[in-house]
Amino acid sequence: MSCETVLAQTGLAGRAGKSRWPARLDLLQSGTGLFLALFMWGHMFFVASILLGEPAMWAITKFFEGYFLFGRSYPWLVSCVVACVALVFAVHALLAMRKFPATYRQLRTIRAHAKAMRHADTTLWIWQVYTGFPLFFLASAHLYQMLVWPQNIGPYASSDRVWSDALWPFYLAMLLAVELHGGIGLYRLALKWGWPNAPRRTLARLKWGLTAFFLVLGLATLGAYMKIGYEHRAHHGERYEPDGVKEERKARMEEEAR
Ligand code: HEM
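Residues numbered from 1 in each chain as written. Predicted model: local features only at pLDDT ≥ 70, side-chain atom pairs only at ≥ 80, totals over all residues.

## Description of the overall build of the chain
Helix and strand content of the chain: eleven helices and zero strands. Secondary structure elements of the chain occur, N-terminal to C-terminal, as α-α-α-α-α-α-α-α-α-α-α. Here the C-alpha atoms of the chain give a radius of gyration of 23 Å, more than 25% beyond the 18 Å that 2.2 N^0.38 yields for 258 residues. If one aligns the C-alpha atoms of the chain with their principal axes, the spans along those axes are about 90 × 40 × 35 Å. Going through the 258 residues of the chain one by one, you find that 19% of them count as buried. Put simply, 77% of the contacts in the chain that link residues at least 6 apart link residues at least 24 apart. (Helix = DSSP H or I, 4+ residues; strand = E, 2+ residues; numbered from the N terminus. Rg over C-alpha atoms; globule rule 2.2 N^0.38 Å. Buried ≥ 20, exposed ≤ 12 C-beta atoms within 10 Å, placed from the backbone. Contact = placed C-beta atoms within 7 Å.)

Structure follows, in structure tokens:
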């Protein structure tokens, strides 16, 4: 079929110029995806600070609340960061919807094509749809919690949420979905835009290596929150404070009472 016939059938033949918008939207989807993937790498390391012990995670949390800069905690600073991430997430999800199969028939067709072609990258594309779909719900719920209750982040508060508030199955599902989705996404970005300009096989190996690394890190992190939450279950709601800070706070309160 000639190019002219295709254009005539789609009703585009008479148009003076072809729209640049699909390309622009594609660039925006890649950009927001890259931002979210890089954010996730940072996020996983910050959250994994619990593996170094409660004081390390406490320090990271307080750092983001501005405690070391202002001498006081401002959890709304965390809400501001969450709001920005949520905005990028929403734009990314909106743009991704353009490419989702819209009907059962379309889904059946793409699955049949993938099965017939046995082309690894096409199969990966379908997996990106499968893992992206649950993230609409899981990441939205997580971001909402972090946005509205940023003061409830910390070694004990997070562990209580994971164990006593029974959110660990939620985090497990989100971890699997986000690591697979992000890994495949970065691999596809590299292929699409040609950076890093390495052979497909090398990029695929790198992708699986990174996915495995972040999955192992994430599972170990989740295990640590579950263990601390389990041990802390009788004191649900109590917040962690390093000894020095606790004494300082008590002394300040005593002085104020005098
Ligand atoms: C600025 C925004 C975000 C903040 C402040 C944040 C904060 C946190 C915190 C403190 C935890 C530890 C558990 C808890 O306290 O409930 C956590 C866990 C987690 N978050 Fe986020 N998060 C953010 C965005 C995201 C996004 C966009 C995703 C992915 C879609 C995500 C995926 C996860 C996963 C998978 C875990 C479990 C990690 C594990 O236990 O190994 N987070 N997050």
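From this point on, the discussion continues.
## Examining the site of the ligand
Residues in close proximity to the ligand total 24 residues, the closest being Ala139, Ser158, Gly218, Thr221 and Leu222. Elements with a contribution of two residues or more to the shell around the ligand: helix H2 (21-47), helix H5 (76-97), helix H7 (120-148), helix H8 (155-162), helix H9 (168-193) and helix H10 (200-231). For the shell around the ligand, the residue count by class is 18 nonpolar, five polar and one charged. (Near = placed C-beta within 6 Å. Nonpolar A, V, L, I, M, F, W, Y, C, P; charged D, E, K, R; others polar.)

## Considering unusual backbone geometry
In this chain, tryptophan 195 is followed by proline 196 through a cis amide linkage whose omega measures -5 degrees. For arginine 118, which is not glycine, the phi torsion reads 50 degrees and is therefore positive. The topology assignment puts arginine 118 in the loop between helix H6 (104-117) and H7. By the C-beta count within 10 Å, which is 8 here, arginine 118 ends up exposed. Residue alanine 166 is not a glycine yet carries a positive backbone phi of 55 degrees. Topologically, alanine 166 is positioned in the loop between H8 and H9. Classification of alanine 166 as exposed rests on a count of 10 C-beta atoms within 10 Å.

## Considering the environment of arginine 205
Along the chain, arginine 205 turns up in helix H10. Residues arginine 205 and leucine 95 lie 110 residues apart in sequence; the distance between their C-alpha atoms is 28 Å.

## Observations concerning the environment of leucine 107
Topologically, leucine 107 is positioned in helix H6. Overall, leucine 107 belongs to the partly exposed group, with 14 C-beta atoms counted inside 10 Å. A sequence separation of 16 residues divides leucine 107 from valine 91, and the C-alpha atoms of the two residues are 23 Å apart.

So, to be careful, I would describe these as geometric facts and stop short of saying anything about function.
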